[in-house]
Every structure is written in C-alpha cells, then in structure tokens.
Amino acid sequence: EICSFSGLKVYPGHGTRYVPCVSVQSTRPIFPFLSRKTESLFHQRLNPRKVRWTALYRRLHKKGSVEEVTKKKTRKVQKVQRAIVGASLEVIRAKRNQKPEARAAARDAALREIKERNKKKAAEKKAAAPKAAAAAAPKQQAPKQVVKKSKPTATSR
C-alpha cells in the first residue's frame, strides 16, 4: 500500500488507516497513512506538493530521478561533398586524387608563370619611367619666395 499523504510505501503491519465517516455512504475512500506525522499533516489540509520530503514534491520538482534519465542518442555527422564556385565536384575529386608530385609540379608551374608576369610588368614600368621623366623635365617650378628677417633695432626704455 501507498501512504495517501507522503506517497511512500506502507509495509504490512505498519501505519494507520483513516475512514472519513462510517455512515450510510460506504463509497468513501479509506486513507492509509505511514505514520502519525503524515496523518496529522493530512488533517491540517497541507498540500503534499509543498512539503519537501513527500514523493509528490520530489516528483514535481524532478528530484532523485537520475536513474530514469537515459542518455540521448547523438547523431553521427555525415560528410557531404559539394561543388565550390568555380570548380565542379569532378574537378575537386580529380585534384584530390592527384599524386603529390604532380600537384607540386603544377604549383611550381603556376608560381613560375606569376613571377614571369610580374617581371614583365616591372620591365614595362622601367621603360615608361625615363619617358615620363623626360616629359616632366621642361616644366620648371616657380621659385619660392624667401622672407628675409630684419635685425631688431635698439630701443631705449
């Protein structure tokens, strides 16, 4: 049996029973209590949900339900390959499957080409620099005015 107030188990030969009224109505429930304390609190009309040691309170406030909680299943992350802007999935797979030597050779060739392009640009700048200097030479700037400071005169005080 279970105590009507505390919700704890009442073992055989323990506790008391309260019968509200022994009159014509025999359909009223019989309240089993674990101890005199629970019976007294029941008659004081205290709410077992607000008494901290009762099973109802503990269930309501999720106390001591550690064994009931099961670990949630974690989903395994699935790898998905997608195409990137400027490269289709086939191109990406082909590059990944290349041998490291071939990849290094392609990288070196690309670097060599970039360096050659930069050299050409530098050479064009050098060729254009003397022409720009010759065109700028005939223009002369107006001389800046120089302000001469006069010597202070001696004043008597």
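Since this is a predicted model, take the numbers as computed values, not measurements.

This brings us to the side chain of Thr38. The residue Thr38 is located in helix H1 (residues 36–43) in this model. Exposure remark for Thr38: the relative accessible area of 1% places this residue in the buried category. At a separation of 3.5 Å, a polar atom in the side chain of Thr38 contacts the main-chain amide nitrogen of Leu34.

The next thing to look at is unusual backbone geometry. In this structure, Arg45 takes a positive phi of about 60 degrees despite not being glycine. Relative to the helices and strands, Arg45 is located in the loop between H1 and helix H2 (55–60). A positive phi angle, close to 55 degrees, is found at Lys62, a residue other than glycine. Tracing the backbone shows Lys62 in the loop between H2 and helix H3 (89–97).

In this section: the environment of Phe42. Among the secondary structure elements, Phe42 is positioned in helix H1. What makes Phe42 partly exposed here is its relative accessible area of 24%. In sequence terms Phe42 and Phe5 are 37 residues apart; their C-alpha atoms lie 6.2 Å from each other. Residue contacts for Phe42: discarding those within four places in its chain leaves Phe5, Tyr18, Phe31 and Phe33.

Turning to the confidence of the model for the protein chain, a few remarks are in order. For the protein chain, the mean per-residue pLDDT works out to 84, and 82% of the residues sit at or above 70. No element of the protein chain has a lower mean pLDDT than H3, at 84, and none a higher one than H1, at 97.

Thresholds, definitions, all that
Residues numbered from 1 in each chain as written. Predicted model: local features only at pLDDT ≥ 70, side-chain atom pairs only at ≥ 80, totals over all residues. Heavy atoms only, no water. Helix = DSSP H or I, 4+ residues; strand = E, 2+ residues; numbered from the N terminus. Buried < 20%, exposed > 50% of the residue type's maximum accessible area, 1.4 Å probe, protein only. Polar contact = N/O pair within 3.5 Å; in protein donor to acceptor, adjacent residues only side chain to side chain. Contact = heavy atoms within 4.5 Å. pLDDT = per-residue confidence, 0-100.

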